[in-house]
Structures are given as C-alpha cells and as structure tokens.
Amino acid sequence: MDGFTVKGEDGFAACEINVDGAAGLLAGSVEVVPGTPVLYAGVADPVTGGPVTGARITVTAPDGTVHSTAKNTGNTLVVLGTDGRPRALVLRAPAPGTWTLACQADEGVRACAALITVPAADPLANALLTLSPHWPGGRAAPSDPLLAAFQMFGWAYGPLAAVLAAAPSGLIMDQAALLVDVFGLAAPEASHIRDLVRGRDATTVLTVLAQQLSFAGPGLQRQVLANGSGQDGVGGWSVLENSWQVASGYADALGWTTSFTAGAGANGWCRKSQLIDLRAAAGLTDPYLDGAPDLGVSDWVSAVTTAGCQYYLRVRLLDAAGQVVKDVRSDTVDVIPATGIPYRPDWRQILLRLRDYGPGVRYVSVEHGGRNPSGTDTGHGFQVTGTTVRVLIGPGPRPAELVGNPDGAGQLTGWTSATGAGTWVTEPDSGIACPGSASKAAFAVASGTATKYQVIDLVEAGYRTDFLDQAPTVRIGQWMAADPEVTCTYAVRAELRNAEDTVLATVDSGAVEVRTTNLRTTAFQSFFQTVSQYGPGLRKIRIEHSATPARQVAGRAAAKIAGTSVRVLDPQPDPDPLTARAVAGPPLANTANKPYRWVCLFSINWQAGRSSAGSGWLIPTSKPGSYYVMTAAHNVCHGTNGWAKSIDITPGANGSTFPYAMVNVPLENMEIPLDWLAVSQARILPVYCPPVHDYALIRVNSIATPRWDSGGFTPTVMTDNQLTGQAAQLTGYPADRPFPLRHPRIPARMYEEPVTLSVYDDLLAELRTNMRGGASGSPIHILDGNTYKAVGVFSHGEWRGGYDITFELGYDHAYIRRIDQRVLDDVERWRTRLDDNDRICKLLLVIRTGYDATTSDPLACNIDGHDYDLTQLWSQGAAHWYGGRNRGGDYDVYDLTPELYRAHPGGPLLSQLLGKNYSIRRTESTSYRPTEWQVDSVSFFVNDQLLGATTLRRLYRSVDTVDGLIQRGG
C-alpha cells in the first residue's frame, strides 16, 4: 500500500491511498480550511471505478466523529457497501480542521481510496494543477496527449465518479449544486450533466464528465472489444462454426504474443463473434449514442502457409431491442503471404469504419471467419489477431448534412428526376450494408441510366453571407453498391454557385464503376472529395448523380446509392463579430516607439483557403533589407488549417496607423522544427503537456518603404531560477474575447499585459493572461538595461478546463515556448535559406494522412523516374509518432536519403531536385474498400530545413496518384 497527500490553492487538499494487493492499514489526512464548500471520500476499483470488496475506509472528522452509518440529508451523504462499511461520503460545508482517511485492505485486493476537498475558487484548475505532478504515479504516461488528458482527468475525478455512481435513487442532496461547486459550472450546465449521470455506473459518469468538460478531446477513441488477440483463450467470443485455438509466436512483430487460428481438425470456415454493449463497455449514454459516434473495427490477418487462406469481417449495429440497424461486411479476402516463406506471417490489416449511421444503435456485433486450404495443417493456416472495436468518445464538431433525403427513406422527396432511360425507385432495406448512411433505405435503378438532382440554398440552411464569402471547405460524395453479379456505373457532380447561378467550382467524379464481388450481398464503396479556394460569393450547391446497371436482373434493381452528402466542413463563427467585448486593458497609444515597432501583425493566408490572425516579433539584423521574424510554429503549420501559403506581416501596426510597410512573405521563407509536426498531430490538451516545439522563423527580404527597423528583441536563455517569478511583458494582437474581435471593420490594435512567469518544464513556462487567439507568436520580453530581451514565444492556453485544440489562447493559464539553446541554434541556422547549390545530405518526405479514408496499404513514391519503396523505408526506421502508419491525421516521415544516394551517387545538388515531378501511389490494396485513400498534405525537408509543403485534403481512388512538383514553398 502507498499513497500521498497534497495541498493546493484556495483550500484544495487531497489524500489518496492505493491498495496494491498487500494486506494492511494505511491512513492519511487533509486540512480543511474555513469556507471549504465540499469534502468527499470514496473507495473503488482502480480500473472500473465500481464497488470493491475487501477494502474498507474510515473517515474521521476533526472532533473525532466517525462517519460510519448511512445518511442521506441535504448536506450529508454516506453510502455503505455490502460489508456495511462506508463506500462513499459527501459533506457540504465540512467543519474546518484535520480530517483523517484510513483504509484497511485484505490480501489480494486492489483498490483506490481518496479524501478530497473542493477549492473555494477555480476548482477545476486548482485541483488538476495540484494533482498533476503525482500522475501517472510511476507508470508511463500515454504518448498520445489526447489519451493522456482523458486518463489524467479520470484519475483525478475517479473518486468523484464513484461517489456519484453510488448515490441512491432517493438522493436528497442537490447533485447539480454539487457539480457547480466541484467544477465551477453554471447552474444550467450542471443540471444537464446531473441528468446525464443520474443512475449510471462509475465508468459512464466519468466519461460524461470528461465529454462535457472538454477532457475527451476530438478524435479520442475507446477500445471496447475484449480478448482481441487470444490472450484469454476464446473467452468473450461465441464460436459459430468449427473450432478455434490460440497460437503463440506469430504476431510478436505487431506487439501481440498470441493469435487465433483454426482448431485441430477444423475443416471449412471457422467463425466466431462477439456482442458489445456500447453503454456498458464504453460508458456512453443513449443521447450520445443517438449522435452516431464513429466506429472502427479492425483485424490483423495473415496466412502462415504458402498456399494462403481466406478471411472476412462482418460488423452489425443493433438497437436496444436487438434489431439490426446496419450489417456491413468486407469482401472475402484471399490472404497470400507476400514472402512466400512457409510459417513466416506477413500481416495485413482489415478495417471497417462506420459513421453517420443514424440514431438508435446500442450494440455492436463483430463476426469474422477464416478458412484454410484443403489439407493445410490447422496450426499453420490462417492467423487472426489484434481485433479491436474503437468508438469515438471525444466528439468534435459534426458538420450538418445539407442533402435532404440522402438515402431514399423519404421516397424521392426533395429530388428532381432528369430525363433519361432509367427510373429511380427506393428500397427500404438495401442501405443496411452502407457504413455511412443514416437509414436502411437506398435509391435504386433497375435498367438504363437514371439521373436526379437537388439544389441546396445555403443561406436558407442557416449560413451567413459573410461566412460563405470566405469560401469554406465543402465535402461532397456518396456511397454506391451493385448487386453481386452486375457491374454498375455511377457519377456524382456538384456545382458551387453564386446567387446568380454562376458556377464557382465543380466536383465531378467522372464514371465510377462498381464491379461484381464474391459477396452474396451488396457491398458499398464511396466517392468523397473536398473543394476550397473558390473565392467569394457561394450561395447554392447543385448536386446531381446518376446510376447505370450494365444489364437488367429480373425482379431486382441492381444499382444502388445511399448516403449522398454535402457538408460545409468549416465551423461558422460568432454571428455577431462586430460586438466589442470588455477589454482587459486599453490598446497601446504609440507603436512607432521601441520595442513596439518590433511587434508584428500577421494576416495568415492558408493554402486551404481560409485566413487567420497571428503575431510575431523582429530580432536584430545587421544586413540591410534582410529581416527575421520569430513567431509560433502553428502560425505556419496548423493542425486544422494545414500549411500557410503566405503571411502578410506589418511591424508596429495599430488600428489605422502603419509606421512600416506591410510585406507578403511566401512559405518558402518560413522555417519550423520537424518535431513540431508531432505536436501539431497530437494537439495541445489538458494538464499533460508534451514537449512543445512551437516556434518558427520567417525570413523577410524587402526594400519596401517605410523600411523596417533593423533592431529587435534579443532571444535570451534564462535558467529555471531566473525565470521563476520573473516579471515580463506580453505584447501582441489578440483577436478574441475579452478583446475586440478581429473584423475588417475593426482594425487590429496592439495590446500589452504585464505577466509573471513560472517554470513548467525544460521547454515550457506558464503565465496568466487574458490574451487569446491572434496573440499566438507574440514575444514575452523583459528590459535588461537598454536591451529588450525575448525569453519566450507565446504558444497556447487554457480554456474551460482544457486547451483549445485550434490553438486559440484561453483565459487565465497560458504557456510559452522558452528560448533555449536549441531555439538559438535553429534561429542561427535558419537565417540562411537553402541555396540551389547546396548538396542534399538529408531528404525527408512527410505525408499527413486524412481522416475520412486512411489506409495502411503499401506506398511508393516516384521522384524523377526513380521509385522509393516507402513501405520498406518505413520498416527500416522511418520516424512515426503516436502509433502506426497512416492513422487519421498522422504525420508519417520517410527518410529518402539512402535511396536518393543510390539514384545520385555522391548526393545531388538541390538544383538537381527542384522542379522534378513526384508521384505517390498505392502499390497494393489491403482495404475492404480499395477505391479510397486520402492525403491531407505532403511536405519535403532538406538538410533539416523546410523546402516546400502542399495542403491537398483530397480523397483518391485506388488507381489515383498524388502528383506534384518538388519546389520551394507551397
């Protein structure tokens, strides 16, 4: 047994006792100060948060009173366990003094007991900041900050979840008021959360709290399938046909020590399934599940024989009554070892993704099967391992579906049929196999070509014209299927139009063939594409699609379409951007004086078509006409916006005053650390903050007048002792509340706030400020004699108990990237641009995958006629952060240098590479939907400096290639 006691600000105190299987007694205490609103205590299973037997707690008040009997009043709740001892306790307005927690445990019991006070002010921040140094308690924290943030929150508030789950149905204490005290919530929000958690188990309570308080970050998933690799035999699975056994030693390369294979004497298909209750396994509520959270089901399969094997994966979604809502199955896959070496497995991943499937789903059924060739030794046939079911528990913004009646559930309502030989019908159950539609229905065509369309008025749909004039990103697509024995041809075309019906942009799939499969049912495949950078004026979208079966089948309509979709992916901002909020301080009066003439206003032009605000600062230069601007890396490469195209930079701008000329700087003159991409991928999330390399340098070559000042802030390294308690100034261009929102009719003003610094870790310092988005990249500076020294770059901040993943800086706590020796070294190196005559010593290709159609398929890149096997390079040590290759949003880094030197012995000059074509392709398809893959961006780094980057955000068919030029910038 072990434990700790901590004390924080505003009366926060906590005592935790961990029972690790050893019998014994351990006690601790907390000091309750006057005015403490709540004290709570509990003992629970450390994994599930549920009741535990064999561990007993005793809570003693300062006056010696032992709270050991059940009590249910407005101010006191004591819940007893099955052993008659307290399981949970809540006291409002506890008496000041020393409170004691004692935990007595039996041999073999594992439990966590805690006694915690609620701070009188800033309860969430005070609690987490005090507890965070004690997490994860000697265990390795997850490398993914999304997961780390969720687990940190769960560890901190697991005792509270256990207390709330233990509350009786006739609870007298006001649970909403308790949530107000514990988390600092507004009363309506607390009442909403109370209704969601009432009567739920501890896992559900904790999940709901994390979701509602922004600690389940967008994209966070929970794995809910049990025993996916056979570590527990066939436990948790229902064997449907033949028998299964567990083998060892085949899946070690994937990280699993065991795998499933055919049982002894099995002949024919071996099948098994598992049914998962999403409410119990994932801790999700019915209202949340009705939002159709994304589901991903994955298997790894191999054939440990030169003869190969066959395999399939089937996923069914069921409602509360057990009725099937969706029934999606992969093709029957022929698995043939690529190595051709007996008993050496070559694993491939099979993945089914389901999203936008509509309300009502409560269960997931996973079924898979394998079949060995005749006469194969069953122990050396097919192998299946690593089966997972991941459900999204951290939802991000879900863009509204703009297509009316996308599946045919409303017959043909909302659609206008065009002339053609074919006729549209609707089928009530044909869409059950579509993994991306909200009903079981589908449109169908029996013969000929049928075409229909609809026009979407975006203003009527609720979009403002000022937002539409920013050319938001739009995604268009549909799902298509053919009866098993018929090839069908489809087309979808969308026109983005202005108010006068002038076409601004077009998405056209061309003819898409869906060929026959070896399935006995229809199997859907998709076409989706995004469009952006089409200019202002968007008001309408006309979408048209057609279907043509190759031949008619008696009694059936062979061609089917479901899930036709038009979505505006960019969120629409505040509808009242002109309203000025309360300002923390007045804007600066004269920005032509130093050091304010060195602070730069940014207008960032993203390749994806949007623009945003930022800040930067000049560093001293001695070269006339050459200037250097420091800023945050996320002003150059952003997790949501992608890569910058250029930045308009104006030093000293202040309202309508511009003491210096504005200069537009292209991407080719910007530098960021390669390590920043890992952080941009993982994003900044609560409490657990990874090392952040959020800094960048921009080279500016300008003879524009008025010329810029050659002075600047001197980047300066400070030790921990020097930095702790250091008074400094934060100067920049905040563009969000409580400052006036940025708008063309509200010119940007420069603001300054005094701040006090404290050390977070070797790379980060923290401070408190009111500045938000727009201030990213600002200098944190001090005056030392006559020298203005910059000690950090303003990076990211806290927001509602979390950190805004779009890097809008939040109220109160914020973080800066400290200036250290690495920053100084990078700045010195980056001052000099790569020269055409530089020899290439290192060439890195960075591919960021998309979110809608990722793939782990083998890839190759051809540069100037020379092939680079990216899959082989990956296995030889390519850099990859936070998991496997080509997961959604991953930055995958491939070192092309060895192959480059084979093609160019001695190493080429940069001039020999510039202007050359590159082409990235899939060399093999292992996906059940081989028509899709997606690339978000492609970038090249030469000699550890950024050469160029392109934001693509496109979906590709299996035969498509990602083509471009190796060039500077974007």
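Values in this document were obtained by computation on a predicted structure and should not be read as measured data.

Thresholds applied
- Here the residue numbers are simple positions, counted from 1 along each chain's written sequence.
- Whole-chain, interface and lining totals are the exception, using all residues; otherwise, since this is a predicted model, local features are given only for residues with pLDDT of at least 70 and side-chain atom pairs are given and counted only at 80 or more.
- Excluded from the side-chain calculation are hydrogens and water; included are all heavy atoms of the structure.
- Each helix corresponds to a stretch of at least 4 residues labelled H or I by DSSP, and each strand to a stretch of at least 2 residues labelled E; elements are numbered beginning at the N terminus.
- When accessible area is computed with a 1.4 Å probe and restricted to protein chains, residues below 20% of their type maximum are described as buried, those above 50% as exposed, and intermediate ones as partly exposed.
- Should any heavy atoms of two residues lie within 4.5 Å, those residues are considered in contact.
- A 1.4 Å probe and the Shrake-Rupley method give the accessible areas. Residues count as covered only by the protein chains that appear here.
- Here, the arc refers to the directions that run from the helix axis to the C-beta atoms.
- The rule for a salt bridge is simple: a side-chain nitrogen of Lys or Arg has to be within 4 Å of a carboxyl oxygen of Asp or Glu.
- As a per-residue quantity, pLDDT reports the predictor's confidence and falls between 0 and 100.
- When DSSP finds at least two bridges between two strands, those strands are taken to pair.
- An axis is simply a line fitted to the C-alpha atoms; with a helix, the fit covers only the stretch in contact. Between two such axes, the angle follows the N-to-C directions and lies from 0 to 180 degrees.
- Two rings belonging to Phe, Tyr or Trp (six-membered ring only in the last case) form a pair when the distance between their centres is within 6.5 Å. Interplanar angles under 30 degrees mark stacking, angles over 60 mark edge-to-face geometry, and anything in between is tilted.
- Angle categories: roughly parallel below 35 degrees, roughly antiparallel above 145, roughly perpendicular from 65 to 115, and oblique for all the rest.
- The hand of a helix crossing depends on one turn: near helix anticlockwise from the far one by less than a right angle means left-handed, and clockwise means right-handed.
- Gly is put with the polar residues, along with every residue not named as nonpolar or charged; the nonpolar set is Ala, Val, Leu, Ile, Met, Phe, Trp, Tyr, Cys and Pro, and the charged set is Asp, Glu, Lys and Arg.
- Buried Ala, Val, Leu, Ile, Met, Phe, Trp, Tyr and Cys residues that are joined via side-chain atoms within 4.5 Å together make up what is termed a nonpolar core.
- Pairing of N or O atoms within 3.5 Å defines a polar contact, subject to two protein rules: one partner must be a possible hydrogen donor and the other a possible acceptor, and residues neighboring in sequence count only if both atoms are side-chain atoms.

Examining the overall build of the protein chain
Phase 1 of the analysis: Broken down by element type, the protein chain carries 13 helices and 59 strands.
Phase 2 of the analysis: Here the protein chain holds 970 residues, and the buried ones make up 56% of them.
Phase 3 of the analysis: Intrachain contacts of the protein chain at a sequence separation of at least 6 include 76% that bridge at least 24 residues.
Phase 4 of the analysis: Put simply, the protein chain shows about 36400 Å² of open surface, and 49% of that area lies on carbon and sulfur atoms.

Brief notes about helix H11 (residues 821-830)
Phase 1 of the analysis: Within H11 the residues assigned to the buried category are Val 823, Asp 826, Val 827 and Trp 830. Here the buried residues of H11 occupy an arc of 100 degrees about the axis, which is enough to place them on one side.

Digging into the pattern of salt bridges
Phase 1 of the analysis: This structure, assessed with the given rule, holds 44 salt bridges.
Phase 2 of the analysis: Among the salt bridges present, the one from Arg 316 reaches Glu 367, with a minimum N-O distance of 3.8 Å. Here Glu 367 lies in strand E21 (residues 361-371) and Arg 316 lies in strand E17 (residues 309-319), a separation of 51 residues in the sequence.
Phase 3 of the analysis: The exposure class assigned to Arg 316 is partly exposed, which follows from its relative accessible area of 23%.
Phase 4 of the analysis: Each member of the salt-bridge network shares a partner with another, and the members are Asp 294, Arg 355, Asp 356, Arg 398, Glu 401 and Arg 567.

Some points on the confidence of the model for the protein chain
Phase 1 of the analysis: Summing up the model confidence of the protein chain, the mean pLDDT is 84 and the portion of residues at 70 or higher is 87%.
Phase 2 of the analysis: This model gives residues 576-584 a pLDDT under 50, and the stretch forms 21 contacts once residues within four places in sequence are excluded.
Phase 3 of the analysis: Taken together, the stretch residues 798-812 has pLDDT below 50 and engages in 66 contacts with residues farther than four places along the chain or on a different chain.

Digging into the sheet that holds strand E2 (residues 13-20)
Phase 1 of the analysis: Read across the open sheet, the seven strands follow the order E1-E2-E10-E4-E8-E7-E6; overall the sheet is antiparallel. Either end of the sheet is taken by a strand with one partner, and the two such strands are strand E1 (2-7) and strand E6 (71-72).

Brief notes about the sheet that holds strand E59 (residues 962-965)
Phase 1 of the analysis: An order of E53-E52-E56-E59 is seen for the four strands of this open sheet, with the pairing classed as antiparallel. Since the sheet does not close on itself, it has two edges, and those belong to strand E53 (866-869) and E59, each with one partner. The sheet shows a mean angle of 20 degrees between the axes of neighbouring strands, direction not considered.
Phase 2 of the analysis: Alignment of strand E52 (residues 859-863) against strand E56 (residues 917-922), held across five bridges, turns out to be antiparallel.

Remarks on the packing of aromatic side chains
Phase 1 of the analysis: According to the stated counting rule, one finds 20 aromatic pairs in the structure shown.
Phase 2 of the analysis: Taken together, a centroid distance of 4.9 Å and an interplanar angle of 50 degrees make the contact between Tyr 157 and Phe 183 tilted. Here Tyr 157 is found in helix H2 (residues 145-166), whereas its partner Phe 183 is found in helix H3 (residues 175-183), with 26 residues between them in sequence.
Phase 3 of the analysis: Owing to a relative accessible area of 3%, Tyr 157 belongs among the buried residues under this scheme.
Phase 4 of the analysis: Residue classification places Phe 183 among the buried residues on the basis of a relative accessible area of 6%.

Points about the pairing of strand E22 (residues 382-392)
Phase 1 of the analysis: Here E22 lies mainly inside the structure; 10 of its 11 residues are buried.
Phase 2 of the analysis: Relative to E22, strand E11 (residues 221-223) is paired through three bridges, and the arrangement is antiparallel. Opposite Gln 221, over in E22, you have Leu 392 as the bridge partner.

Some points on the packing of H3 against helix H4 (residues 187-197)
Phase 1 of the analysis: Packing of H3 against H4 brings their axes to within 8 Å, and their N-to-C directions diverge by 120 degrees. One element, H3, and the other, H4, form an angle in the oblique class. In the crossing of H3 with H4, the sense of the turn from one axis to the other is right-handed. For the pair H3 and H4, the contacting residues are Gln 175, Ala 176, Leu 179 and Val 180 in the first and Ala 187, Ala 190, Ser 191, Ile 193, Arg 194 and Val 197 in the second.
Phase 2 of the analysis: Of the residues in the contact of H3 with H4, the class split is seven nonpolar, two polar and one charged.

Focus on unusual backbone geometry
Phase 1 of the analysis: Each neighbour pair has its own omega, and for Lys 594 with Pro 595 the value is 5 degrees, a cis peptide bond.
Phase 2 of the analysis: Relative to the helices and strands, Pro 595 resides in the loop between strand E33 (559-568) and strand E34 (599-606).
Phase 3 of the analysis: Even without a glycine there, the phi angle at Asp 10 is positive, about 55 degrees.
Phase 4 of the analysis: Assessed through its relative accessible area of 38%, Asp 10 is described here as partly exposed.
Phase 5 of the analysis: Non-glycine residue Gln 411 carries a positive phi angle of around 60 degrees.

Here's the deal with the nonpolar core
Phase 1 of the analysis: Phe 153, Tyr 157 and Phe 183 are the most contacted members of the largest nonpolar core, which has 91 residues in total.
Phase 2 of the analysis: Per-element accounting of this core gives the leading share, 12 residues, to H2.
Phase 3 of the analysis: Those residues in contact with Phe 183 that sit more than four places away from it in its chain are Pro 123, Leu 124, Phe 153, Tyr 157, Leu 160, Leu 209 and Leu 213.
Phase 4 of the analysis: Within the second largest apolar cluster, 57 residues are counted, among which are Leu 618, Tyr 660, Met 670 and Val 700.

Quick look at the side chain of His 545
Phase 1 of the analysis: Relative to the helices and strands, His 545 resides in strand E32 (residues 540-549).
Phase 2 of the analysis: A relative accessible area of 0% places His 545 in the buried class.
Phase 3 of the analysis: For His 545, the side chain forms a polar contact with the side chain of Gln 478, separated by 2.8 Å.
Phase 4 of the analysis: Looking at His 545, its side chain comes within polar contact range of the side chain of Thr 564, at 3.5 Å.
Phase 5 of the analysis: Those residues in contact with His 545 that sit more than four places away from it in its chain are Trp 415, Trp 424, Ala 450, Thr 451, Lys 452, Gln 478, Ala 491, Val 492, Ile 561 and Thr 564.

Let's talk about the side chain of Asn 498
Phase 1 of the analysis: Among the structural elements, Asn 498 can be located in the loop between strand E28 (488-497) and strand E29 (503-508).
Phase 2 of the analysis: A relative accessible area of 14% means that Asn 498 is categorised as buried.
Phase 3 of the analysis: Polar contacts involving the side chain of Asn 498 include one to the main-chain amide nitrogen of Thr 502, which spans 2.8 Å.
Phase 4 of the analysis: Apart from residues lying up to four places away in sequence, Asn 498 is in contact with Leu 504, Gly 537, Arg 539 and Lys 540.

Description of H3
Phase 1 of the analysis: Taken together, the buried positions of H3 are occupied by Gln 175, Ala 176, Leu 178, Leu 179, Val 182 and Phe 183. Viewed along the axis of H3, the buried residues span an arc of 155 degrees, placing them on a single side of the element.
Phase 2 of the analysis: Between the side-chain oxygen at the start of H3 and the backbone nitrogen of Ala 176 there is a gap of 3.1 Å, and the oxygen is on Asp 174.

A short note on the packing of H4 against helix H5 (residues 202-212)
Phase 1 of the analysis: Across the interface, H4 lies against H5 with an axial gap of 9 Å and an inter-helix angle of 150 degrees. Relative to H5, H4 is oriented roughly antiparallel. Seen from above, H4 lies across H5 with right-handed handedness. Seen from H4, the contacting residues are Glu 189, His 192, Ile 193, Leu 196 and Val 197; seen from H5, they are Val 205, Val 208, Leu 209 and Gln 212.
Phase 2 of the analysis: Taken together, the residues that form the contact of H4 with H5 break down as six nonpolar, two polar and one charged.

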